[in-house]
Amino acid sequence: MRKPIFGGNWKMHKAIREAETLAREIRLKLEGWGKAEVVIFPPFTALKTVSGVLSGSSIGLGAQNMFWEKEGAFTGEISPLMLKDVGCSWVILGHSERRKYFGETDELVNRKLKAALHFKLSPVVCVGETLEERKKGREEEVVEGQIRESLRGISPQEAEKIVIAYEPVWAIGTGVVATPEEAQRMHQFIRKLLGEIFSPSVGEKIRIQYGGSVKPENIRGLMAQEDVDGALVGGASLEANSFVEIVKGGCL
Ligand code: PGA
């Protein structure tokens, strides 16, 4: 049985005090509730404060990106060790906004993934096709390439620790969510591919989140699908009520 996992990706939102309040509200509303794993991903500047708020709770803390070296002359970058130092146990890698605005390639994601695993940070690796790619019927080919390249050189034991987030780019921040059937088709495809790359039993263990315009109103249909193991939530995670409704609604 795969334990469902829900992530709140706050992106470039929330000043420190706002982040503190939001994290506190989420913690309060989820106190004593353990049906799913929950991780929040505040911006770097709020990590330390949120880490304090979450201390002693079961809610995990993660960063939205990182560099692969542990230290050095890399102006503007944050290392895996720095993330651990501030209390993170998770990191998002290869989000489509990183790929689109900062030119992140599968090769860079692969380096970051290896560093995350080396330093014992749990990675969420994001994949997903653009609208154009989908219109051309290339979604499986694109996602297969992203997975094969990003996970290159990873052992089956390491692979079990990875969470994949399938986030079709056309659904991110657009209000256009994939239908449960569309999500299931891609998740099933990804699981089969992971089974081929590693082994069928590893494929069965790896959790695959859906991301892209997840809301309290659509989470149940998505979570009813066999291969959807949780969600990575952007906009709707910026407010405690809607995020917690998604988390709890997804586990009914
Ligand atoms: P969204 O973002 O929920 O605002 O569509 C999801 C994501 O980018 O992880």
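The rules behind each value
Residues numbered from 1 in each chain as written. Predicted model: local features only at pLDDT ≥ 70, side-chain atom pairs only at ≥ 80, totals over all residues. Heavy atoms only, no water. Helix = DSSP H or I, 4+ residues; strand = E, 2+ residues; numbered from the N terminus. Rg over C-alpha atoms; globule rule 2.2 N^0.38 Å. Buried < 20%, exposed > 50% of the residue type's maximum accessible area, 1.4 Å probe, protein only. Lys, Arg positive; Asp, Glu negative; His and termini not counted. Charge placed at Lys NZ, Arg CZ, Asp CG, Glu CD. Expected span 1.5 Å × (residues − 1). Contact = heavy atoms within 4.5 Å. Salt bridge = Lys/Arg side-chain N within 4 Å of Asp/Glu carboxyl O. Near = heavy atom within 4 Å. Polar contact = N/O pair within 3.5 Å; in protein donor to acceptor, adjacent residues only side chain to side chain. Areas by Shrake-Rupley, 256 points an atom, 1.4 Å probe, with all protein chains shown as cover. Nonpolar A, V, L, I, M, F, W, Y, C, P; charged D, E, K, R; others polar. Disulfide = S-S within 2.5 Å. Arc of directions from axis to C-beta. Axes fitted to C-alpha atoms, helices over the stretch in contact; angles between N-to-C directions. Left-handed = near helix turned anticlockwise from the far one by under 90°.

From N to C terminus, the protein chain includes 12 helices and eight strands. Taken against the 2.2 N^0.38 rule, which gives 18 Å for 252 residues, the C-alpha radius of gyration of the protein chain at 17 Å falls within 12% of a compact globule. Within the protein chain, the proportion of its 252 residues that are buried is 54%. The averaged location of the 34 negative side-chain charges in the protein chain is 3 Å from the averaged location of its 34 positive side-chain charges.

Now for helix H5 (residues 106-118). Look at H5: 18 Å from first C-alpha to last across 13 residues, which is about the 18 Å you get at 1.5 Å a residue. All buried positions along H5 are accounted for by Asp-106, Val-109, Asn-110, Lys-112, Leu-113, Ala-115, Ala-116 and Leu-117. The inward-facing, buried residues of H5 abut helix H3 (80-85), strand S4 (90-93), helix H4 (96-102), strand S5 (122-127), helix H7 (139-150) and helix H8 (156-159). Of the residues one or two after H5, Lys-120 is the one with positive phi, at around 60 degrees.

Our focus in this paragraph is the pattern of salt bridges. Applying the stated criterion to the full structure yields 24 salt bridges. A salt bridge links Glu-20 to Arg-24, with the nearest nitrogen and oxygen atoms 3.4 Å apart. With Glu-20 and Arg-24 both in helix H1 (residues 16-30) and four residues apart, this pair spans about one turn of that helix. For Glu-20, a relative accessible area of 17% gives the class buried. The residue Arg-148 makes a salt bridge to Glu-196 at a minimum N-O spacing of 3.7 Å. You can see Arg-148 sitting in helix H7 and its partner Glu-196 sitting in helix H9 (residues 180-197), a full 48 residues away along the chain.

With that settled, the discussion passes to the site of the ligand. Not every one of the 13 residues close to the ligand is listed here, only the nearest: Lys-11, His-95, Glu-167, Gly-173 and Ser-213. Between the ligand and Glu-167 there is a distance of 2.7 Å, counted from an oxygen atom to a side-chain nitrogen or oxygen. Alone, the ligand offers 280 Å² of accessible surface; in the complex the protein occludes 96% of this. Here the shell around the ligand is composed, by residue class, of four nonpolar, seven polar and two charged.

A few words now on the state of the cysteines. Note on terminology: disulfide describes a covalent bond linking the sulfur atoms of two cysteines. One pass over the structure, following the stated rule, counts zero disulfides. Cys-88 forms no disulfide, and the closest cysteine sulfur to it belongs to Cys-126, at a distance of 15 Å.

On to H7. An α-helical segment advances 3.6 residues per turn. Residues three or four places apart therefore align on the same side. Between the first and last C-alpha of H7 there are 16 Å, a value that for 12 residues agrees with the 16 Å anticipated at 1.5 Å per step. Turning to H7, its buried residues are Glu-139, Val-142, Val-143, Gln-146, Ile-147 and Ser-150. Projected onto a plane normal to the axis of H7, the buried residues spread over an arc of 125 degrees and lie on a single side. Buried residues along H7 sit against H4, H5, S5, helix H6 (131-135), strand S6 (163-166) and H9.

Their axes nearest at 9 Å, the elements H1 and helix H12 (residues 240-249) cross at an angle of 35 degrees. For H1 against H12, the interelement crossing comes out right-handed. Facing Leu-22, Glu-25, Ile-26, Lys-29 and Leu-30 of H1, the residues of H12 in contact are Ala-240, Asn-241, Phe-243, Val-244, Val-247 and Lys-248. Among the residues forming the contact of H1 with H12, the class breakdown is seven nonpolar, one polar and three charged.

Moving on: the side chain of Arg-191. Its location among the elements puts Arg-191 in helix H9. There is a polar contact of 2.5 Å between the side chain of Arg-191 and the side chain of Asp-227. A polar contact of 2.8 Å, which involves the side chain of Arg-191, links it to the side chain of Asp-229. Residues contacting Arg-191, with those up to four places away along its chain left out, are Arg-2, Gly-203, Glu-204, Ile-206, Ile-208, Asp-227 and Asp-229.

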